[in-house]
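An overview of the molecular structure
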Amino acid sequence: MRYNTGNQREGDYEHFVVGEPAQLLEFLLANVKQSRTKIKATLQGHGIKVNGKTVTQFDFALEKGMKVAVSRTKRNQQSFRSRYVKIVYEDRWIVVVEKAVGILSMAAGHSSLNVKAVLDDYFRKSRQKCTAHVVHRLDRDTSGLMVYAKDIDTEQMLEHNWHNIVYDRRYVAVLSGEVGPDEGTIENWLKDNKAYITYSSPVDNGGKLAITHFHVLDRTTEHSLVEFKLETGRKNQIRVHAADMGHPVCGDPKYGNGDDPLHRLCLHAWLLCFTHPMTGERLEFETPVPTPFRMLFKH
């Protein structure tokens, strides 16, 4: 349904008048001649004004007579800048980020660099009355996609229904050596010892059942590029299971064999698919396989 009742161009903004109540994103999709991706980027880049005030919430409630201004120059600008964290999606309840290597998911000490602190600083500067709530974690030296909640109710819904809400979650890793089978499943029990090293057992050892599916994407005689799909999300699951295969993740100081071609832990969370805990919308995010990973397999 179209909500526009006329528009005019002025400077770097295109102006619209709201004809009937609607959510902001719904209104923009009906009236602005841009793709959904570009419209969302404009929202995220603080390029949308309602009655003269910048709005970033896609579900902002518009009322008849309100004036909407859409920037033609801010669609590719990001108000958020961090060398460690990239925001790939944001709404009033959640924020999805791509985490770089070398940053913790949350604080583990007063001065530790962590994603939660980076996001809290961004929320404060953008005058959002919220804080980042940790739902799941990636190791400091694992890169890739994560979701944080912006309030405790959303965090609780995500945490308590994680396995029902998340319907696909995949990682890509460079493993040491040439993995033989093209695909397979590893299933065993994982438990921490007193030194916090996770070890596996083929029989129930009082730990937690861990199931990992793997698929080889590429291989050389030295290394294998492998996709992992988690059926369970245990601590260090992929790293331990890769070591169980006899092909540990490259650059892994804890479970590896010293093979470190890229001087980093070669593990990246590339795919995250889940049902939005509040709207029920299916959200799917993916990032490219890191270029350094691919460069090892240029035949």
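A separate point is the confidence of the model for the protein chain. Within the protein chain, residue pLDDT values average 88, and 93% of them lie at 70 or more. Below pLDDT 50 for its whole length, residues 1-11 participates in 33 contacts with residues either more than four positions away or in separate chains.

Listed in full, the buried residues belonging to helix H4 (residues 152-160) are Thr154, Glu155 and Leu158. All buried residues of H4 project into a common sector of 100 degrees when viewed along the axis, lining one side. Turned more than 90 degrees off the buried face of H4, the exposed positions are Asp153 and His160. Taken together, the buried residues of H4 touch strand S9 (94-99), strand S10 (133-134), strand S11 (143-149) and helix H5 (162-165). With a side-chain oxygen positioned 3.0 Å from the backbone nitrogen of Asp153, the residue opening H4 is Asp151.

Turning to helix H3 (residues 115-125), its buried residues are Val115, Val118, Leu119, Asp120, Tyr122 and Phe123. Check the buried side of H3 and you find it contacts strand S8 (85-90), S9 and S11. Among the residues of H3, the N-terminal cap falls to Asn114, whose side-chain oxygen and the backbone nitrogen of Lys116 are separated by 3.3 Å. Arg127 sits one or two residues past H3 and shows a positive phi near 60 degrees.

A word on the pattern of salt bridges. All chains considered together, the criterion is met by 13 salt bridges. Put simply, Arg239 and Asp139 hold a salt bridge, and the shortest N to O gap is 2.8 Å. Taken together, the positions of Arg239 in helix H6 (residues 237-244) and Asp139 in the loop between S10 and S11 put the pair 100 residues apart, joining distant regions of the chain. Here Arg239 falls in the buried class, since its relative accessible area comes to 8%. You can call Asp139 partly exposed: its relative accessible area is 29%. In this structure, Lys229 engages Asp168 in a salt bridge whose closest nitrogen and oxygen atoms are separated by 3.8 Å. Within this pair, whereas Lys229 is found in strand S16 (residues 223-230), its partner Asp168 is found in strand S12 (residues 166-176), the two being separated by 61 residues in sequence. Its relative accessible area of 32% is what places Lys229 among the partly exposed residues.

For the rest of this paragraph, the subject is the side chain of Glu90. Here Glu90 is to be found in strand S8. A polar atom in the side chain of Glu90 sits 2.9 Å from the side chain of Lys150. Excluding residues that lie within four positions of it along the chain, Glu90 makes contacts with Gln44, Val95, Tyr122, Phe123, Gln128 and Lys150.

Procedures and definitions
Residues numbered from 1 in each chain as written. Predicted model: local features only at pLDDT ≥ 70, side-chain atom pairs only at ≥ 80, totals over all residues. Heavy atoms only, no water. pLDDT = per-residue confidence, 0-100. Contact = heavy atoms within 4.5 Å. Buried < 20%, exposed > 50% of the residue type's maximum accessible area, 1.4 Å probe, protein only. Helix = DSSP H or I, 4+ residues; strand = E, 2+ residues; numbered from the N terminus. Arc of directions from axis to C-beta. Polar contact = N/O pair within 3.5 Å; in protein donor to acceptor, adjacent residues only side chain to side chain. Salt bridge = Lys/Arg side-chain N within 4 Å of Asp/Glu carboxyl O.

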